[in-house]
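Structure assessment
Next come the chains, spelled out residue by residue.
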Amino acid sequence: MESAEILTTRRALLRRLLPGDRTDELDVRQGQFHHVVIGAERVVCFPRTEAAAGRLPLRAAVLRALAGLELGFRTPEPLVEGGDESPFLVLSRVPGAPLPDGALEDPGVAEAVAAQYAALLGALAGADPARCWARWPGPTRPYGRRCRTHRTTGGVGSRRACAGSCLG
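These lines cover the structure that appears in this document, whether it is placed above or below.

What counts and what doesn't
Residues numbered from 1 in each chain as written. Predicted model: local features only at pLDDT ≥ 70, side-chain atom pairs only at ≥ 80, totals over all residues. Heavy atoms only, no water. Salt bridge = Lys/Arg side-chain N within 4 Å of Asp/Glu carboxyl O. Helix = DSSP H or I, 4+ residues; strand = E, 2+ residues; numbered from the N terminus. Phe/Tyr/Trp six-rings, centres within 6.5 Å; stacked < 30°, edge-to-face > 60°. Lys NZ or Arg CZ within 6 Å of the ring centre and 35° of its normal. Pairing = 2+ DSSP bridges. Buried < 20%, exposed > 50% of the residue type's maximum accessible area, 1.4 Å probe, protein only. Polar contact = N/O pair within 3.5 Å; in protein donor to acceptor, adjacent residues only side chain to side chain. Contact = heavy atoms within 4.5 Å. Axes fitted to C-alpha atoms, helices over the stretch in contact; angles between N-to-C directions. Expected span 1.5 Å × (residues − 1). Core = buried A, V, L, I, M, F, W, Y, C linked by side-chain atoms within 4.5 Å.

Time to look at the pattern of salt bridges. With the rule as written, the count across this model stands at four salt bridges. We note a salt bridge from R22 to E25, for which the minimum N-O separation is 3.4 Å. Residues E81 and R64 are paired through a salt bridge, measuring 3.0 Å at the closest nitrogen-oxygen approach. Separated by 17 residues along the polypeptide, E81 in strand β4 (residues 78-82) and R64 in helix α4 (residues 56-68) bring together distant segments of the chain. When salt bridges with common partners are traced through the structure, they connect R22, D24 and E25 into a single cluster.

A full pass over the atoms with the stated rule returns zero aromatic pairs. In this structure, R10 packs its charged tip against the face of F46, placed 4.3 Å from the ring centre.

Attention now goes to the pairing of β4. In this structure, β4 lies alongside strand β5 (residues 88-92), joined through four bridges in antiparallel fashion. If you follow V80 over to β5, its bridge partner there is V90. What sits between β4 and β5 in their antiparallel hairpin is a turn of five residues, with G83 showing a positive phi close to 85 degrees.

What follows covers the side chain of S92. By the element assignment, S92 lies in strand β5. Accessibility expressed as a relative area gives 16% for S92, which makes it buried. Reaching out from S92, the side chain makes a polar contact with the backbone nitrogen of E77 at a distance of 2.8 Å. For S92, the contacting residues outside a window of four places in its chain are E41, T75, P76, E77 and L79.

Moving on: the pairing of strand β2 (residues 34-38). For β2, a buried count of four out of five residues is recorded, marking the element as mostly surrounded by other parts of the structure. Judged from the four bridges that link them, strand β1 (residues 27-30) and β2 form a sheet pairing that is antiparallel. Of the residues in β2, the one forming a bridge with R29 is V36. The turn linking β2 back onto strand β3 (residues 42-47) is made up of three residues.

Right, let's get into the sheet that holds β5. Strand order in this open sheet of five strands is β1-β2-β3-β5-β4, and the pairing throughout is antiparallel. Edge positions in the sheet fall to β1 and β4, since each of these pairs with one other strand and no more. Ignoring which end each strand starts from, the neighbouring axes of this sheet average 20 degrees apart. Sitting on the sheet, α4 touches β2, β3, β4 and β5, and the angle it makes with β4 is about 165 degrees.

Right, let's get into α4. In this model, α4 (13 residues) spans 19 Å end to end at C-alpha, consistent with the 18 Å of a helix rising 1.5 Å per residue. Residues L56, A60, A61, V62, L63, A65, L66 and G68 constitute the buried set of α4. Note on α4: the residue one or two positions beyond its end, E70, has a positive phi of about 50 degrees.

On to the side chain of T75, then. Mapped onto the secondary structure, T75 falls in the loop between α4 and β4. Leaving out residues up to four positions away in the same chain, T75 has contacts with L63, L66, A67, S92 and V94.

Counting residues in each nonpolar core, the largest one holds 13 residues, and the members touching the most others are L14, V37, V44, F46 and F88. When residues of this core are assigned to their parent elements, the largest contribution, three residues, is made by helix α2 (residues 11-17). In contact with F88, not counting residues within four places along its chain, are L13, L17, V44, C45, F46, L56, V80, E81, G82 and G83. If you look at the next biggest cluster of nonpolar residues, it comprises 12 residues, including A60, L63, L66 and L91.

Spelled out as C-alpha cells, the structure:
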C-alpha cells in the first residue's frame, strides 16, 4: 500500500486519531513492518503484516516500559491501541524530523547519529530492570525465563541481560 493509499483508505480514522491535523498534509513513511503516519503531535502506526499486527500490544508495552526507565531520551508514549479488522497504534510524537533519504551518506550526520545511538545503548546498559518490570502490564513478562536466569547471577551482566530481555 502506498502513502497516498493509506491517507485515502484510512482518512476517516486518521481524522479521529489526529485531531487538528489536515489529512492531506500528513507525512507517511513506510518501515519494514509498519506504515507510519506522522501528525503534528501524534504518530499512527499501521502494521503491514498480520505478524506485525500481532506484535502491536507488545510494542506498546515495551514503549511504556522504556518510558519508565528515564534514559534521558524522549520515548514515544502509546496513547491509543485499537482496530480488530484494521489494527493501529497511536503514539505521542517525539519532537524532530525524520532523516531525509541519503542523510547518512554525510559523514558528519552519520557520526552524530552513531553518537546518539551509542549514548542510548549506554543508558540502556545501565538501566535498572526492576523499573522496567514495574511498568510491565499483567503477570507475564516477555522473555522472562532469560531474565530470571541471568538475574540470579547478579552484577552488570545480569542487568544488561534483563534490560535486553525487557526491551525485546
